[in-house]
Amino acid sequence: MKIIGITGGIGTGKSLVLSILKTKYDAYIVEADKVAHILMKKGEPAYIEIVNAFGNSVLDKETGELDRASLGSLVMNDKEKLNVLNSIVHPLVKDYLLSDIEKMRKEDITYYVIEAALLIQDGYKQICDEIWAIITDKDIRIERLKKNRNYTIEKADGFIKNQPSDDFFIDNSDRIIYNNTDEGDLIKAIDEILDL
């Protein structure tokens, strides 16, 4: 089983890469963000620690679940609070993935793919056999974010500016996939990496 980490900035097309890997190569896909959502459900480990750290103001009054919008606005412009949140969630996500990888080693899986925005920063190099960075020109990213997420140019630009540069991803990855054209070219690039 080969463990591949997929990373890159917002709007680069990571979701499309995952979709291609799943449908064409029957890869087993795990998105760190989705794992985090599971671990933040009421009663789960991250939920308990987050409520202990931030109090009941981050809870939905009716359901008692975390109010992700409240939590997001609380940490968005406060680096210290964001670091606290990340220090709770990220180690739990990593533990979950390590446990899942061990389970999946017993299955007939060729590619185990992890997608995470902070893959490099969170030390997944020790877990993954290869890290793939998806790189896309800024103008194309902004157009995609406008079209697919209804972002304004300013909002899209703000997200991009708050993320690491292309050079950071390139310098810290084993493989680089440039996603500036169409799906056909993207499939060809993945084929070349997987020698198919």
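Residues numbered from 1 in each chain as written. Predicted model: local features only at pLDDT ≥ 70, side-chain atom pairs only at ≥ 80, totals over all residues. Heavy atoms only, no water.

Student: Looking at this model, I keep getting lost on the overall build of the protein. Mind explaining?
Tutor: Each helix and strand counted, the protein has nine helices and five strands in total. The linear arrangement of helices and strands in the protein, starting from the amino end, is β-α-β-α-α-α-α-β-β-α-α-α-β-α. Over its C-alpha trace the protein gives a radius of gyration of 18 Å, about what one expects of a compact globule, namely 16 Å for 196 residues. Dimensions of the protein along its principal axes, counting C-alpha atoms only, are 50 × 45 × 30 Å. In the protein, which comprises 196 residues, the share counted as buried stands at 40%. Taking as baseline every contact in the protein between residues at least 6 positions apart, the subset at least 24 positions apart corresponds to 70%. When the accessible surface of the protein is split by element, carbon and sulfur atoms take 48% of a total near 11100 Å². Each charge class in the protein can be summarised by its mean position, and for the 26 positive and 35 negative side chains these summaries are 3 Å apart. (Helix = DSSP H or I, 4+ residues; strand = E, 2+ residues; numbered from the N terminus. Rg over C-alpha atoms; globule rule 2.2 N^0.38 Å. Buried < 20%, exposed > 50% of the residue type's maximum accessible area, 1.4 Å probe, protein only. Contact = heavy atoms within 4.5 Å. Areas by Shrake-Rupley, 256 points an atom, 1.4 Å probe, with all protein chains shown as cover. Lys, Arg positive; Asp, Glu negative; His and termini not counted. Charge placed at Lys NZ, Arg CZ, Asp CG, Glu CD.)

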